[in-house]
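# Tertiary structure, described
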Amino acid sequence: AISGAKERIWILQTWLPGVAGDATLILGNKEAEDIRLILGSFAEGSPIYARIKTRDDLLVGGDLMDIVEAAMHNSAGSALPFEKEKKDCVRFTKYHHPGWIVVVDNEVFWGATPIDKDNWNVPQVCHRAGKNDPRAAFWIGQFMLMWKDKDPLTGECLSHSYDEEKRYNHRLARDSHVAV
């Protein structure tokens, strides 16, 4: 769906599946002008830390720091290709969302995000509906809430910019000076 998109590509996930490969696919689509990606943030207190503690598939050397480094690398790899041309299309959230959301043109795809595994390591539960379907409208609303709205209790924005995320993800800050 992404390679054939004509208008819009919106994705809410911890990081992109295929990391830079999917980023390249999105950037390679020259027709869709409305691109929005919301990735998981490494800000202090973000639920990403609790989630990745259970991710055995990210273990490199066996300790939590390796898992954090691997996760930061995956996040940075997803975002870095957008830095030069479309940095404003990428936002990060430290709020936990229980599922992934993809909106491509008039189609909405969504599914649950497992706590302890990558989405691709479990049988896929993928739902799909046209944007006028009430179920799809709900997920579009959830995406927009994370993109632009504020927490009603704290008044804090639910997502933040690429440049702000560099403060939390040292892999993104360090790797942004490397040619992609």
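Everything here concerns the structure above.
Quick caveat: nothing in here was measured; it's all calculated off a predicted structure.

## Considering the side chain of Asn169
- Topologically, Asn169 is positioned in the loop between α5 (162–165) and α6 (170–175).
- A relative accessible area of 0% means that Asn169 is categorised as buried.
- At 2.9 Å, the side chain of Asn169 and the backbone nitrogen of Arg171 are in polar contact.
- Sequence-distant contacts of Asn169, defined by excluding residues within four places in its chain, comprise Phe42, Met72, Ser75 and Ala76.

## Let's talk about empty space enclosed by the protein
- Scanning all chains against the criterion turns up two cavities of 30 Å³ or more.
- Estimates place the volume of the second largest cavity at around 30 Å³.
- Forming the walls of the second largest cavity are Thr14, Trp15, Ile48, Arg51, Ile52 and Arg55.
- Here the lining of the second largest cavity is built from residues that sort into three nonpolar, one polar and two charged.

## Describing the sheet that holds strand β1 (residues 8–12)
- Spatially, β6-β5-β4-β1-β2-β3-β7 is the arrangement adopted by the seven strands of the open sheet, whose pairing is mixed. The two strands at the open ends of the sheet, each matched to only one other strand, are β6 (127–130) and β7 (160–161).
- Helix α4 (residues 134–148) contacts β1, β2 (34–40), β3 (90–93), β4 (99–104), β5 (107–112) and β6 of the sheet and is inclined by roughly 70° relative to β2.

## Section: the nonpolar core
- Grouped together as the largest cluster of nonpolar side chains are 25 residues, with contacts concentrated most on Ile9, Ile11, Leu16, Ile26, Phe82 and Val90.
- Beyond its immediate stretch of four places on either side in the chain, Ile26 contacts Ile2, Ile9, Ile11, Leu16, Ile35, Leu37 and Phe82.
- In this structure, Ile38, Ile101, Val108 and Leu158 belong to the second largest nonpolar core, which totals 16 residues.

## Quick notes on the packing of aromatic side chains
- Across all of its chains, the model carries six aromatic pairs by this definition.
- Their ring planes at 80° and their centres at 5.9 Å tell us that Phe42 and Tyr49 sit as a pair that is edge-to-face.
- The class for Phe42 is buried, based on a relative accessible area of 1%.
- Geometrically, the ring pair formed by Trp110 and Trp139 is stacked, given 6.0 Å between the ring centres and 25° between the ring planes. One end of the pair, Trp110, is in strand β5; the other, Trp139, is in helix α4, with 29 residues separating them in the sequence. Residue Trp110 shares its accessibility class with Trp139, and that shared class is buried.
- Cluster of aromatic residues (ring-pair linked, three or more members): Trp10, Phe143 and Trp147.
- Seen from the ring of Trp10, Arg8 lies directly overhead, with NZ or CZ sitting 5.3 Å from the centre.
- In this structure, Arg91 is placed above the aromatic ring of Trp147, and the distance from its NZ or CZ to the ring centre is 5.9 Å.

Scoring rules and cut-offs
Residues numbered from 1 in each chain as written. Predicted model: local features only at pLDDT ≥ 70, side-chain atom pairs only at ≥ 80, totals over all residues. Heavy atoms only, no water. Helix = DSSP H or I, 4+ residues; strand = E, 2+ residues; numbered from the N terminus. Buried < 20%, exposed > 50% of the residue type's maximum accessible area, 1.4 Å probe, protein only. Polar contact = N/O pair within 3.5 Å; in protein donor to acceptor, adjacent residues only side chain to side chain. Contact = heavy atoms within 4.5 Å. 1 Å grid on protein atoms, 1.4 Å probe; cavity = no way out; pocket = protein on both sides within 12 Å on 5 of 7 lines; lining within 4 Å. Points joined across faces, edges and corners; volume = space filled by probe spheres on them. Nonpolar A, V, L, I, M, F, W, Y, C, P; charged D, E, K, R; others polar. Pairing = 2+ DSSP bridges. Axes fitted to C-alpha atoms, helices over the stretch in contact; angles between N-to-C directions. Core = buried A, V, L, I, M, F, W, Y, C linked by side-chain atoms within 4.5 Å. Phe/Tyr/Trp six-rings, centres within 6.5 Å; stacked < 30°, edge-to-face > 60°. Lys NZ or Arg CZ within 6 Å of the ring centre and 35° of its normal.

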